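Each chain, written out:
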Amino acid sequence: ELLLKYMLGFYEHAKKSDEDLRAYAVEGACIITSSPLAYLAFMNADESELTMYAWSTSAMAECAMVEKPIIYKTEKTGLWGEAVRQRRPVITNDYAAPNPAKKGYPGGHPRIIRHMNVPVIDEGRVVLVAGVANKVSDYTENDANELLLLMQGLWNLQKGKRLEEERRAEEEKYRMVVENSSDAIYIYRGDQLLFANRRVLELTGFSQDELMARNIWDSVHPDDRARLAEARDRRTAGEDIPHSFSARVVTRNGEVRACEFTVTLITYQDQPSLLGIIRDVTEKQQLEAERQAAFEQIASAEEALRKQYDA
């Protein structure tokens, strides 16, 4: 019952800091194993170092060491490092008995009578070690299993939080890229706009709320709608069709802009959707037209001079 209480309590503490979660886990380790002393250490990636992150308050009260080490080299750890080396729970109910794995502990360290620690292994790597000490009776395999379950719960929660933080950071990175793109980027499904970046608003002249409330085709020139709607349907159906299309966008003030559309089928909010990129080529086409007109004028002038010379 106590184990279940603390396991469920992890989710009540999910939004708290990692420090609070670790303190809660150490408290739980003491309670479920009836131990006055407990500690929690995390491994680095190559399992060469253990970093002690939490002690039970009673352990700290009993510890009179002038300096309390935080990082321990695995190879230099004594009996408490056996859980890492053996990759299984290690129970020592007579800590005073001779043991080749023991390396002693520094002056001022709490006196250990009984000791048990367990390793949490994730994807073949020891990720953390939790230990308890000085239960009034012998530690049992059941104690080890319960401590291991508790610490696996802690690790799963912290791992989930870390993955969520990484996901949010990745989303923020892509959001910054999308929002600062010189192209208009949008996501839609059917006739409904689902997302539009800043450039879409600048191109069309509409606000975000206005665009979300409009039919997406209202911003496309009437003569181009049927062609683009057909391409949308074929792309949604998974047909292999050209990704790029030329079409005109009608802005809020009625201006017509020449654009190139690129459309890709994606999954958005767990449903098939289309990712569209619009590049405004109005100025480019105008410059091209002006350049072509200039070439034609030059050619016409050359032709006139040639005729005049021939005459």
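Residues numbered from 1 in each chain as written. Predicted model: local features only at pLDDT ≥ 70, side-chain atom pairs only at ≥ 80, totals over all residues. Heavy atoms only, no water.

(A) Quick look at the sheet that holds strand S1 (residues 37–43). Spatially, S3-S2-S1-S6-S5-S4 is the arrangement adopted by the 6 strands of the open sheet, whose pairing is antiparallel. Looking along the sheet, the strands with just one partner apiece sit at the ends: strand S3 (71–73) and strand S4 (90–92). Each neighbouring strand pair of the sheet contributes to a mean axis angle of 20°, computed without reference to strand direction. For S4 and strand S5 (residues 115–122), the ladder comprises 3 bridges, and the chain directions are antiparallel. Note on S5: the bridge partner recorded for Val 90 is Asn 117. Docked against the sheet, helix H2 (residues 18–33) engages S1, strand S2 (49–55), S5 and strand S6 (125–133), running at close to 135° with respect to S1. Seen against the sheet, helix H5 (residues 141–179) touches S1, S4, S5 and S6 and runs at an angle of roughly 40° to S5. (Pairing = 2+ DSSP bridges. Helix = DSSP H or I, 4+ residues; strand = E, 2+ residues; numbered from the N terminus. Axes fitted to C-alpha atoms, helices over the stretch in contact; angles between N-to-C directions. Contact = heavy atoms within 4.5 Å.)

(B) Main features of the packing of helix H1 (residues 2–12) against H5. One can describe the packing of H1 onto H5 by two numbers: an axis separation of 10 Å at closest approach and a directional angle of 5°. By the angle between their directions, the pair H1 and H5 is classed as roughly parallel. The residues of H5 that touch H1, namely those facing Leu 3, Tyr 6, Met 7, Phe 10 and Tyr 11, are Glu 146, Leu 149, Leu 150, Gly 153, Leu 154 and Leu 157. Tallied by class, residues from the contact of H1 with H5 come to 9 nonpolar, 1 polar and 1 charged. (Parallel < 35°, antiparallel > 145°, perpendicular 65-115°, else oblique. Nonpolar A, V, L, I, M, F, W, Y, C, P; charged D, E, K, R; others polar.)

(C) Quick peek at the sheet that holds strand S9 (residues 244–250). Reading across the sheet, the 5 strands line up as S8-S7-S11-S10-S9 and stay open at both edges, with antiparallel pairing between neighbours. Of all the strands in the sheet, the pair left with one neighbour each is strand S8 (192–196) and S9. Each strand of the sheet is rotated relative to its neighbour by a mean of 35°, with strand direction disregarded. Here 10 bridges tie strand S10 (residues 256–268) to strand S11 (residues 271–280), and the two strands are oriented antiparallel to one another. Its bridge partner lying in S11, Tyr 268 is registered against Gln 271. Against the sheet, helix H8 (residues 222–236) touches strand S7 (184–189), S9, S10 and S11, its axis set at about 135° to S9.

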